[in-house]
Amino acid sequence: MKSLSERVEQLAPSGIRRFFDLAGSMEDVISLGVGEPDFVTPWNVREASFAALEQGYTAYSANAGLVELRQEIRNYMHEKFAIEYQVEDEIIVTTGASEGLDLAFRTLINPGDEIIVVEPAFVSYAPLIELAGGIPVAAACRPEDGFAILPETIEAKITARTKAIIFCFPSNPTGSVMTRDQLADLALLANKHDLYVISDEIYAELSYEEEATCFATLPGMRERTIVINGFSKAFAMTGWRLGFTCAPKEITECMLKVHQYGMMCAPTLVQFAGIEALRSRHKTVPDMVRSYRQRRNYFVKALNEAGLPTHSPGGAFYAFPYIGDTGLTSEAFAEQLLLAERVAVVPGSVFGASGEGYVRASYASSIEQLQEAIHRISRFMQQLEQRTAV
Ligand code: PMP
């Protein structure tokens, strides 16, 4: 048989998968591993797709998505961030933010182009860059900066081949949020070095201290930014696979080519649900945000009390406790915690080398589950202490 694609064969399998498989084979596991809301999609949103099905909307939509949904996305971006995108040629409805990321990389990258990835980062960025023929270059956030990225850290990584920067604030996995002023420094850098920016804003609604900034609203940035967003997190719609991109016309035209050949369109029924999700957001999202904030407050305090120093995440639904004092690698910590106490967390190292020394624990679980998890984690920490004392 002839060989398969070298590029694909050389990709490392996702480090998260191994833990899911292990956790899946065990009973009574509390999973703080997955990056998804514990809410079910609001009922009115589900109903909108039943209605669309009843009315027989079972055909393809326009490649870029239903016009009504693109109009809602336009209104949303305008209302939330005071930025204007054209419904006709600057918005694409995608099958999840995941597809939006793929479109962005494939549209920007020529073979050998370098993309600076702000780390710790979502696990898909580097493999998607490699699949598109690019080279991911890590720029590490430091805990002492609250996991914000410093412009000088990025600048040190820029070469003649650098094409773009990708980041996500509020962050998966650290939960950190960069202020508008901090992001403005990155905008200066993008202008100075003529770089594109891929701003993954999938957690923009889940920001607990201050409103998240849309990077494209910074001076000069609308022209060089691809905004990636989606319905999975804010609207508890991970399984529906619905997202969108906002980018200037020239970039959107290219991304649309990739989308129309590779995907045709996002599922039509799901797009009807998306329209309702955006229209009803003021009724549904605030309750979920309030609940995440309460759980964050409880969980971060409890982790600190259990002996795991944890900064207070300003957004998303992840805590990123420091486990370095235990003397274990993040992978060993996660594995031993799972085997000894049946609590699943994700080793920080899967989010890039700078995630070593940390684990990611999602607090999108019920308070009762979080309390039980803390109980087990505390017991695990005591066992570790006893072990080192012997
Ligand atoms: N970006 C980030 C930072 C994420 O955490 C996720 C989901 N875990 C995605 C993108 C992909 O989201 P979607 O479900 O919309 O494809």
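Residues numbered from 1 in each chain as written. Predicted model: local features only at pLDDT ≥ 70, side-chain atom pairs only at ≥ 80, totals over all residues.

Structural notes on the site of the ligand
Here's step 1: Taken together, 13 residues are adjacent to the ligand, and Gly96, Ala97, Ser98, Gly230 and Ser232 come closest.
Here's step 2: For the shell around the ligand, the element with the most residues is helix 5 (residues 96-108), which contributes three residues.
Here's step 3: Considered class by class, the residues forming the shell around the ligand number four nonpolar, eight polar and one charged. (Near = placed C-beta within 6 Å. Helix = DSSP H or I, 4+ residues; strand = E, 2+ residues; numbered from the N terminus. Nonpolar A, V, L, I, M, F, W, Y, C, P; charged D, E, K, R; others polar.)

Here we look at the packing of helix 3 (residues 43-54) against helix 10 (residues 268-279)
Helix-helix packing: each pair is described by the crossing angle between the helix axes and the interaxial distance.
Here's step 1: At a minimum axis separation of 8 Å, helix 3 and helix 10 run at an interaxial angle of 140°. It follows that helix 3 is oblique to helix 10 by the angle criterion. Of the two possible hands of crossing, helix 3 and helix 10 adopt the one that is right-handed. Within the contact between the two elements, helix 3 uses Asn44, Val45, Arg46, Ala48, Ser49, Ala52 and Leu53 and helix 10 uses Leu269, Val270, Phe272, Ala273, Ile275, Glu276 and Ala277.
Here's step 2: A per-class count over the contact of helix 3 with helix 10 returns ten nonpolar, two polar and two charged. (Axes fitted to C-alpha atoms, helices over the stretch in contact; angles between N-to-C directions. Parallel < 35°, antiparallel > 145°, perpendicular 65-115°, else oblique. Left-handed = near helix turned anticlockwise from the far one by under 90°. Contact = placed C-beta atoms within 7 Å.)

So, the UniProt feature "domain: Aminotransferase class I/classII large" (unreviewed entry) in the chain
Here's step 1: Mapped onto the present numbering, the UniProt feature "domain: Aminotransferase class I/classII large" (unreviewed entry) falls at residues 28-377.
Here's step 2: Measuring from the first to the last C-alpha atom of residues 28-377 gives 15 Å, for a span that is 40% helix and 14% strand. (UniProt positions renumbered as here; feature names shortened; annotations may be inferred.)

Points about the nonpolar core
Here's step 1: Grouped together as the largest cluster of nonpolar side chains are 123 residues, with contacts concentrated most on Ala104, Val117, Val118, Ile165, Ile166, Val343 and Val345.
Here's step 2: A domain-level breakdown of this core finds at least three residues from each of domain 1 (6-41 + 283-389) and domain 2 (43-282).
Here's step 3: Every residue in contact with Val117, bar those within four places of it in the chain, is listed here: Tyr125, Ala126, Pro136, Val137, Ala138, Ala139 and Ile166. (Core = buried A, V, L, I, M, F, W, Y, C linked by C-beta atoms within 7 Å. Buried ≥ 20, exposed ≤ 12 C-beta atoms within 10 Å, placed from the backbone. Domains from an automatic or database assignment.)

Quick notes on unusual backbone geometry
Here's step 1: In the segment running from Glu119 into Pro120, the intervening peptide bond is cis, with an omega of 0°.
Here's step 2: Mapping Pro120 onto the fold places it in the loop between strand 3 (114-119) and helix 6 (125-131).
Here's step 3: Here the residue pair Phe169 and Pro170 is connected by a cis peptide bond, since its omega of -5° sits within 30 degrees of zero.
Here's step 4: Tracing the backbone shows Pro170 in the loop between strand 5 (162-167) and helix 8 (180-192).
Here's step 5: Despite not being glycine, Ala82 shows a phi value in the positive range, around 55°.
Here's step 6: One can find Ala82 in the loop between helix 4 (67-81) and strand 2 (91-94).
Here's step 7: One non-glycine residue with positive phi stands out, namely Asp194, at about 55°.
Here's step 8: By the C-beta count within 10 Å, which is 9 here, Asp194 ends up exposed.

Focus on helix 3
Here's step 1: Helix length check: helix 3, at twelve residues, gives a terminal C-alpha distance of 16 Å against a target of 16 Å (1.5 Å per residue), a fit within 8%.
Here's step 2: Within the sequence span of helix 3, burial applies to Val45, Ala48, Ser49 and Ala52. Looking down the long axis of helix 3, one finds its buried residues gathered within 90° of arc, a one-sided arrangement. Facing away from the buried side of helix 3, by more than 90 degrees, are the exposed residues Trp43, Phe50 and Glu54. (Expected span 1.5 Å × (residues − 1). Arc of directions from axis to C-beta.)

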